[in-house]
Each structure stands twice: as C-alpha cells, then as structure tokens.
Amino acid sequence: MTPQRVLRKGWLLGILLAAPFMAQADATIANVATPSIHASLGASGAALELVIGGYLIAFAVLLITGARLGQSHGYRRVFLLGVGTFTLASLLCGLAPSPLLLVLARILQGTGAALMFPQTLTGIQLNFAGDKRKRAIGLYAIALSTGAVVGQILGGALISANIAGSQWRAIFLINIPAGVAVIVAALRYLPADSPRTAQRLDLPGVAALSAALLLIVLPLVLGRSAGWPAWAWICLAASVPVCALFLAAERRVTSRGGSPLVNVQVLARPAICWALLTLLTATGTYYALLFTLAQYLQQGLGDSPLISGLALVPWVAAFGLAGQLVRRLPPRLAPLTPAAGCLLLATAYSAISIMLLTGRHAQVVLVVLLGVGGLGLGIQFSALIRHLTTAVPAEYAADISGVSTTTLQIGAAIGVAAFGTLYLSLIPHQGSGPATHAFALPPPP
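All figures in this text were calculated on a predicted structure; none of them were measured in a lab.

Q: Help me get a handle on the overall build of the protein chain, residues and values and all.
A: When you go through the protein chain residue by residue, the secondary structure sums to 18 helices and zero strands. Taking 2.2 N^0.38 as the reference for a compact globule, 445 residues should give roughly 22 Å; the C-alpha atoms of the protein chain span a radius of gyration of 21 Å, in line with that estimate. With the C-alpha coordinates aligned to their principal axes, the bounding extent of the protein chain is approximately 60 × 55 × 50 Å. Considering only intrachain contacts with a sequence separation of at least 6, the fraction spanning at least 24 residues in the protein chain is 82%. Of the roughly 18400 Å² of accessible surface on the protein chain, a fraction of 70% belongs to carbon and sulfur atoms. Between the mean site of the 25 positive side-chain charges and the mean site of the 9 negative ones, the protein chain shows a separation of 8 Å.

Q: Requested: an account of the state of the cysteines, with residues and values cited.
A: This structure, assessed with the given rule, holds zero disulfides. Counting only cysteine sulfurs, cysteine 235 is the nearest neighbor of cysteine 243, a cysteine outside any disulfide, at a range of 13 Å. Among the residues examined, cysteine 243 registers a relative accessible area of 28% and is labelled partly exposed.

Q: I'd like a description of the environment of leucine 370, backed by residues and values.
A: Relative to the helices and strands, leucine 370 resides in helix α16 (residues 363–390). Leucine 370 sits 54 residues away from valine 316 along the chain, and the two C-alpha atoms are 9.1 Å apart.

Q: Quick one: what's the story with helix α10 (residues 230–255), residue by residue and with numbers?
A: With 26 residues, α10 extends 39 Å from end C-alpha to end C-alpha; this agrees with the ideal 38 Å at 1.5 Å per step. The largest bend along α10 measures about 25 degrees and falls at serine 239, with the proline proline 241 one to four residues further on. Looking at the buried positions of α10, the neighbouring elements they touch are α9 (203–222) and α11 (264–267). Two residues or fewer after α10 comes glycine 257, characterised by a positive phi angle close to 80 degrees.

Q: Could you give an account of the confidence of the model for the protein chain, naming the residues involved and the relevant values?
A: Here the protein chain shows a mean pLDDT of 85. Residues at 70 or above account for 96%. Least confident of the elements in the protein chain is helix α13 (residues 305–310), whose mean pLDDT is 73; most confident is helix α4 (residues 75–95), at 96.

Q: So what about the pattern of salt bridges? Which residues, and what values?
A: According to the stated counting rule, one finds two salt bridges in the structure shown. Arginine 77 is the partner of aspartate 193 in a salt bridge, and the nearest nitrogen-oxygen pair spans 4.0 Å. On the criterion of sequence distance, the pair formed by aspartate 193 in the loop between α8 (175–189) and α9 and arginine 77 in helix α4 is long-range, its members being 116 residues apart. The partner of lysine 134 in a salt bridge is aspartate 131, and the shortest N-O contact between them spans 3.7 Å. Pair noted here: lysine 134 and aspartate 131 are both in helix α6 (residues 130–161), with a separation of three residues, about one helical turn.

Q: Any details on the packing of helix α3 (residues 45–73) against α9? Residues and values, ideally.
A: Between α3 and α9, whose axes approach to 9 Å, the crossing angle comes to 150 degrees. Judged by the inter-axis angle, α3 sits roughly antiparallel to α9. Both α3 and α9 take part in a crossing whose hand is right-handed. Contacts from Glu49, Leu50, Gly53, Leu56, Ile57, Ala60, Val61, Leu62, Ile64 and Thr65 of α3 reach α9 at Val206, Leu209, Ser210, Leu213, Leu214, Val217, Leu218, Val221 and Leu222. Residues belonging to the contact of α3 with α9 are distributed by class as follows: 15 nonpolar, three polar and one charged.

Basis of the calculations
- Residues numbered from 1 in each chain as written.
- Predicted model: local features only at pLDDT ≥ 70, side-chain atom pairs only at ≥ 80, totals over all residues.
- Heavy atoms only, no water.
- Helix = DSSP H or I, 4+ residues; strand = E, 2+ residues; numbered from the N terminus.
- Rg over C-alpha atoms; globule rule 2.2 N^0.38 Å.
- Contact = heavy atoms within 4.5 Å.
- Areas by Shrake-Rupley, 256 points an atom, 1.4 Å probe, with all protein chains shown as cover.
- Lys, Arg positive; Asp, Glu negative; His and termini not counted.
- Charge placed at Lys NZ, Arg CZ, Asp CG, Glu CD.
- Disulfide = S-S within 2.5 Å.
- Buried < 20%, exposed > 50% of the residue type's maximum accessible area, 1.4 Å probe, protein only.
- Expected span 1.5 Å × (residues − 1).
- Bend = angle between axes of the 7 residues up to and from the residue.
- pLDDT = per-residue confidence, 0-100.
- Salt bridge = Lys/Arg side-chain N within 4 Å of Asp/Glu carboxyl O.
- Axes fitted to C-alpha atoms, helices over the stretch in contact; angles between N-to-C directions.
- Parallel < 35°, antiparallel > 145°, perpendicular 65-115°, else oblique.
- Left-handed = near helix turned anticlockwise from the far one by under 90°.
- Nonpolar A, V, L, I, M, F, W, Y, C, P; charged D, E, K, R; others polar.

Dropping the structure here:
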C-alpha cells in the first residue's frame, strides 16, 4: 500500500470515528448543564429529564433503522445526512428560546446521531480487513469510551468558562464547527457508495421495531426519576408481545424473499446471540458506573463535575490500551479473550466494593482499580466486536452494526435504571458515609 493510500485510509477511519465520539459525548454532555438550563429557561424537572432522555430515546430507537438505510442508500450518503442533521439540531439546541423547543431539538439531534453512528461500524467492516480491521475496531472502542467521559468533562468546563455569556448553550454550539469539519472531510475522503439495487425499506418492520424499542427505552430512561409509576411497568410488559410481533413480521418478510429490516436468522446464530447478550450485560455496567460514580463523587464527597469526570480518565486510557492488546493476541487465544476480560472487570468491581466496605476511601486506589476495570471491559468489548464483525459476511454489515449499537444503548439504559435506582434508594440522607456504602454495595451483574 502506497503512503498516499495509507494516509487516505487514516483519514477515512478518523472521519468514521467522529460519529460515535460526537454521539456519545452529546449523550452525557447535557447531564452537567441541567442546573444552568433550569436557571436560564425556567425548565421544569420533567422538561430537564426530556432534554437528556429525548436524545437517548430517539438515538436508541432509530439505530437499527439508520443502519438499514445505510445499506439500502449507501453508508456514505446516510453518514453525511446524519452528521448534517446532528449539526443543524445542535445549532437549534444552542439557540432554543424555550424548554419545549430545546426538547424537540434534542430529539432531532438524537435522530441525527442514530443515522450517523451505525455507519461507522459498517464502514469499518466494508473498508478494512485483517490486522487493519483489528486496529480500526480498537480505535472504535476508544472513540466510544472517550466520547462519554469527554462529554461530561467538556460540559463542565464550557459551562464554568461561560464563554461570551453563553452559559449552557456553548455545549451545543461547539458541535457546529466540529460537524462542518467532519462533513467537509467526509465529502473528500469517504469513498463513493457502490452502485446498488434499490431496496424498499421494510416499513412495517420499522414501525414494529420502533414501537418495541420505545416501550423498552422510554420507561428505562424516564421511569427512575419519576419513581417507577404504573405506566413504566405497563410499557415494559407491553414490549414483550410487540417484540414477538416484530420477529414474526421479519420472518414473514424473509420467507417471501423480501428484504427485512433485521435478518433474524443471522442474529439467531448462537455465536452472535450470546455475544450480543454478553456485550449488553458488561457494557451496561460501564454506563451504570458513569452515573453512580458521578453521584458518589459530587454529592457524596463534594467533588466538582470536572474532578468526577477526570476520575474516569484511567478507565478510558486502559480501555483504549485493551484494544491494542487484543489485536496483538494470537488467534488461538481469541475464544478465551472475552471471558478473561469479564473476569478482570468483575475482579475490579469486587475490589472496589471490598475496599470501600472495609472503610478505606483512598481515591488514589479507587482510580487505580477503575483503570483495571477499564482494561477488563476494553478487552471484552474489543474481542466481541471483532468477533461480531468477522462472524458474518460483509453483506450483513448493516445487521451487525445496527443491532450491536442498539444493544449498547439498551444496555446503558438498563444499567443506569437498575443501578441508579438501587444507589439512590440506599442513601437515606446526604453525607460521605451513606454515599460510600451505597456505591460499594451494588454488585456487578
């Protein structure tokens, strides 16, 4: 490969990785802005929940549809559409004069994220092979993990800086130059979409899947703060028959020779199904950690949002290192790698619990153990994504991309809902003692 081609591949990968980084950053960046939004717009508690939850709900519900649109209309075209929508929505967020318009702009921003995010894994699977794909997946893992943490750190820093009196608006307006730069670079470096036969989008499948995911994600995102009302449990119960309806509809489309939204037969393979379940469980604990650690350090120990974000830097660094380690392992160790990562992650969680429950609150030790946990999750994540992208032919790239990214978001919603509810229920009053006990007690799933 010529140096010019290597450089072009590097640009291609960097552009693709901008999508998960920006999408994950904006999933968390608004968390630290809610007090400022409340003071500026007079937003109610419910509106503030929707500023955060509206983005997450639209994001999670539309990921699989976004992946399928990339397959039917070209991943480059849908990537550009997604980044453009995300950038425009960020501008609308930054200029929003009322809570209602801010919520609507956040839903549009989540829609843009759902269009651009799955094109990254599809683009990696279509443009990289062998060792280059392993390296790309390792960097994909870094983009995912750093995006969520950088969102929290950058959000706190921008609000504290109050640039030109912008307060919370700067956290959205910063996306505009970034989004424009990604669009310009994508127009130059992303290869043109290959000619393809026009395929009709499986609209009944889109409707059924969107309804099923909405019934799952909506109560998980908003139910905790609302005290788990009856509607949340009704939605979760109703999601079961709707999911069954979706699966039946997809099998019917396949049997008629059509193009289903999701190829159920491919995902039903044990090697794929179990990998997705493991991915959901382990990564869900990471997003739960983001929430509970921020609560523990800020409300329990009185640290600033910036300090609580920086505490996760060792986790992110170790997570990124893990991807580079996994791609250098010999193939004979590949089947053992995910289990080894899970074991290391569980060991780190257990060590943190033991340390805190025995009365030792040294934050230096906590940070070191977080690094060990990040290494464990990074090993498991990189190995599973590598497995998922090589276990099926490239023609199923959209299926793997859409379902795996949706799995991550559902795992995040479940983790935050379950662990967040448990953590907050264990704190009868403010103080470092109750907060330390609550943070140490919940075991990893």
